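One-letter residues, chain by chain:
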Amino acid sequence: MKNLVILLITGLLICLITTNSHALRILPSDFGAESTIEDFDAAVPSSPPPGGMIKQSSPLILSGITYSTSSPFMRVFYGTHTFCFESAIGTDSSSGYIDIVFDVPVLRAGAWVGASGARADFFSDNNYLLGSVVSSLLAPEMAPEFLGWETDSYLIKCIRFTDIEPEDGTVLVLDRLTSELGAAPLPGTPPSPNTPVPEPSVFVLVGTGLVGIFGIIRTKKLWLNHKGYKMDVRQR
């Protein structure tokens, strides 16, 4: 009985979490013809010094999009590297993050991350968390991996890319930010940050499941009482 109740509750929680997803992970091929790509070539000086990297003050603004890091400086990469395509930006420490704020909220967005493992958190214009993606290639000098998201509720206003491997001693590198405008699938103002609102169907599902659980418990209790046993469902 106890195992049955645990299984039913677990199933209901999985359904609840799945139904309340506010985004969907996407790949570069999921963007339309109207999407734009920032390759960060504009952040590289016209005559860059040798070495393939310079430091620049944070924040950086390119085409109306603001890029900032957890420290006063960010790194700008150019030339040939294993962790990016050509030009790219990066944190200035192995435990930092890169924030991206769009001047106009977008429907789809993402970027290639490399050199260290990363988590991308996508937010609406009032810091409501729409969803997160975590890179899968956790290895030093790793090749870039695309972390992208398409909202199914409120538009994406900002993204935070966080280095999740501070112990590896490498910075987090970001390349080819891709974004696409579109109408909000769910109009109106997002709820207060990080407080998802269950859809009506979820309430029905949860309610039905709970009724079923209590019905099973009650039936078992009545059967045991009929056989001369005593049962206290609060004990286990």
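Caption draft 1: Highlighting the overall build of the protein. Per the secondary structure count, the protein includes two helices and 14 strands. For the protein, buried positions account for 40% of its 236 residues. Looking at the protein alone, contacts between residues at least 24 apart form 76% of all its contacts between residues at least 6 apart.

Caption draft 2: Local environment of the packing of aromatic side chains. Scanning the model with the defined rule gives seven aromatic pairs in all. Here the aromatic rings of Phe40 and Tyr67 are separated by 5.2 Å at their centres, their planes lie at 70 degrees, and the arrangement is edge-to-face. Of this pair, Phe40 sits in the loop between β2 (36-38) and β3 (53-57) while Tyr67 sits in strand β5 (residues 65-69); the two residues are 27 residues apart in sequence, bridging distant segments of the chain. Given the relative accessible area of 0%, Tyr67 is considered buried. On the numbers, 5.6 Å between centres and 20 degrees between planes, the contact of Phe122 with Trp149 is stacked. With Phe122 in strand β10 (residues 118-123) and Trp149 in strand β12 (residues 145-151), this pair connects stretches of sequence that are 27 residues apart. Among the residues examined, Phe122 registers a relative accessible area of 0% and is labelled buried. We note Arg160 situated over the ring of Tyr97; from NZ or CZ to the ring centre the distance is 3.6 Å. Sitting above the plane of the Phe85 ring, Arg176 keeps its charged end 4.0 Å from the centroid.

Caption draft 3: Geometry of the sheet that holds strand β8 (residues 97-106). Judged by pairing direction, the sheet is antiparallel, and its six strands sit side by side in the order β4-β5-β8-β13-β10-β11 without closing on themselves. Each edge of the open sheet is held by one strand with a lone partner, namely β4 (60-62) and β11 (129-134). The sheet shows a mean angle of 15 degrees between the axes of neighbouring strands, direction not considered. Across six bridges, β8 lies against strand β13 (residues 156-163) in antiparallel orientation. For Asp99, the partnering residue across the bridge sits in β13 and is Arg160.

Reading guide: rules and limits
All residue numbers here refer to positions counted from 1 along the written sequence of the relevant chain. Totals for whole chains, interfaces and linings use all residues, but because this is a predicted model, local features are given only for residues with pLDDT of at least 70 and pairs of side-chain atoms are given and counted only at 80 or more. Based on all heavy atoms of the structure, the side-chain values leave hydrogens and waters out of the count. Runs of E in the DSSP output that reach at least two residues are strands. Runs of H or I that reach at least four are helices, and both are numbered from the N terminus. Remark: exposure states derive from per-residue accessible area (1.4 Å probe, protein chains only) relative to the maximum for the residue type, with buried under 20%, exposed over 50%, and partly exposed in between. In this analysis, two residues are considered to be in contact whenever any of their non-hydrogen atoms come within 4.5 Å of each other. Note on ring pairs: Phe, Tyr and Trp rings are taken, using the six-membered ring of Trp, and paired if centres are within 6.5 Å. Classes follow the plane angle, with under 30 degrees stacked, over 60 edge-to-face and the rest tilted. Here, a charge over a ring is recorded when the distance from Lys NZ or Arg CZ to the ring centre is within 6 Å and its angle to the ring normal is within 35 degrees. Two strands pair if DSSP finds at least two bridges between them. In this analysis an axis means a line fitted to C-alpha atoms, helices contributing only their contacting stretch, and an angle means the value between N-to-C directions, from 0 to 180 degrees.

So yeah, pure geometry; function would need other evidence.
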